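The primary structure of each chain is shown beneath.
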Amino acid sequence: MCDERRTCRPVSVRSPDGTMQVRRDFNRDSESHLNIPEMTLFTPKSTWDLSFPFWVEIDVLWSPDSGFIALSGNPSGNSNAVEVFRISDSGPVKVDAVREPYRDMLHRFPPCRAENADPKFCKKFSEDEVNFNFAAVAWADAHTVVLMGEVPCSSSMGGIMCQVMGYEVELPSGKIERTMTAREFKARWQHSMPWRFTIPEAPEWQQ
């Protein structure tokens, strides 16, 4: 984050092998006086722009072998998303790491079956657009990212609000290697989270 009244210094996260870095620069817009963030990947061969939706906060998580980067962030503080890139000789290549976890959560927590579900709202959910929150919390190994999936903590989600699942996803295929309930996820990956993970109450379904 960078206040609009300040001069903002770049922030960098170096890869584990020390040869690359992701850097966030802030370019001041003379008309709006806002500091516009840009994300750049620096490799030994070239410099690449990392293009994704505007986020106000970003966590950068390199894979142990420096072959992937997982970016977790949000546009407003009310939601969260993940973008994963494979580092190739021709630049960063976007990898879809959340598609299968989202589909799995959608089947486990169908919005229109939740207690107090809004009929019009719940029908908007489909497998074509990710509407749950996701964050990358760790790497199980060089090709397996650990994701936390969460049903948004909004009353519009009815009896499934705040439900959580954990996933270990193989890359670049996007295949789920391990599915974890909230309790299993906490037991296996709490040590990698910088916050105390709270297991949500059981979902409530329509009778």
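Criteria and cut-off values
- Residues numbered from 1 in each chain as written.
- Predicted model: local features only at pLDDT ≥ 70, side-chain atom pairs only at ≥ 80, totals over all residues.
- Heavy atoms only, no water.
- Helix = DSSP H or I, 4+ residues; strand = E, 2+ residues; numbered from the N terminus.
- Rg over C-alpha atoms; globule rule 2.2 N^0.38 Å.
- Buried < 20%, exposed > 50% of the residue type's maximum accessible area, 1.4 Å probe, protein only.
- Contact = heavy atoms within 4.5 Å.
- Areas by Shrake-Rupley, 256 points an atom, 1.4 Å probe, with all protein chains shown as cover.
- Lys, Arg positive; Asp, Glu negative; His and termini not counted.
- Charge placed at Lys NZ, Arg CZ, Asp CG, Glu CD.
- Salt bridge = Lys/Arg side-chain N within 4 Å of Asp/Glu carboxyl O.
- Pairing = 2+ DSSP bridges.
- Axes fitted to C-alpha atoms, helices over the stretch in contact; angles between N-to-C directions.
- Phe/Tyr/Trp six-rings, centres within 6.5 Å; stacked < 30°, edge-to-face > 60°.

Enquirer: I'm lost on the overall build of the protein in this one. Help?
Expert: Regarding its fold elements, the protein presents 3 helices and 12 strands. The globule rule puts the C-alpha radius of gyration for 207 residues at 17 Å, and the 18 Å found for the protein is close to it. C-alpha atoms of the protein, sized along the principal axes, occupy 60 × 45 × 30 Å. For the protein, the proportion of its 207 residues judged to be buried stands at 43%. Considering only intrachain contacts with a sequence separation of at least 6, the fraction spanning at least 24 residues in the protein is 47%. About 11,600 Å² of surface is accessible on the protein, with carbon and sulfur atoms providing 47% of the total. Each charge class in the protein was averaged separately, 23 positive and 29 negative side chains, and the resulting centres sit 2 Å apart.

Enquirer: I'm lost on the pattern of salt bridges in this one. Help?
Expert: Oppositely charged side chains can pair when the atoms bearing their charge come close. Scanning the model with the defined rule gives 8 salt bridges in all. Among the salt bridges present, the one from Asp96 reaches Arg99, with a minimum N-O distance of 3.7 Å. Shared partners join several salt bridges into a network, and the residues in it are Glu168, Arg178 and Arg188.

Enquirer: In this structure, what is going on with the sheet that holds strand β1 (residues 11–14)? I would like to understand it.
Expert: In a beta sheet, neighbouring strands pair by backbone hydrogen bonds and run either parallel or antiparallel. Strand order in the open sheet made by the 4 strands is β1-β2-β3-β4, with antiparallel pairing throughout. At either margin of the open sheet sits one strand with a lone partner, and together these are β1 and β4 (47–49). Taken over all neighbouring pairs, the strand axes of this sheet differ in orientation by 25 degrees on average, direction set aside. Relative to strand β2 (residues 21–28), β1 is paired through 4 bridges, and the arrangement is antiparallel. Directly across from Ser12, in β2, lies its bridge partner Arg23.

Enquirer: Please clarify how the packing of aromatic side chains should be interpreted in this entry.
Expert: Aromatic ring pairs are reported here in terms of the distance separating the ring centres and the angle at which the planes meet. Evaluation of the coordinates by the stated rule reveals 5 aromatic pairs. Where Tyr102 meets Phe132, the ring centres are 5.3 Å apart and the plane angle is 75 degrees; that geometry is what we call edge-to-face. Residue Tyr102 is found in helix α1 (residues 99–108), and its partner Phe132 is found in the loop between α2 (119–122) and β9 (133–141); the two are separated by 30 residues along the sequence. Centroid distance Phe125 to Phe132: 5.8 Å. Interplanar angle 45 degrees. Geometry classified as tilted.

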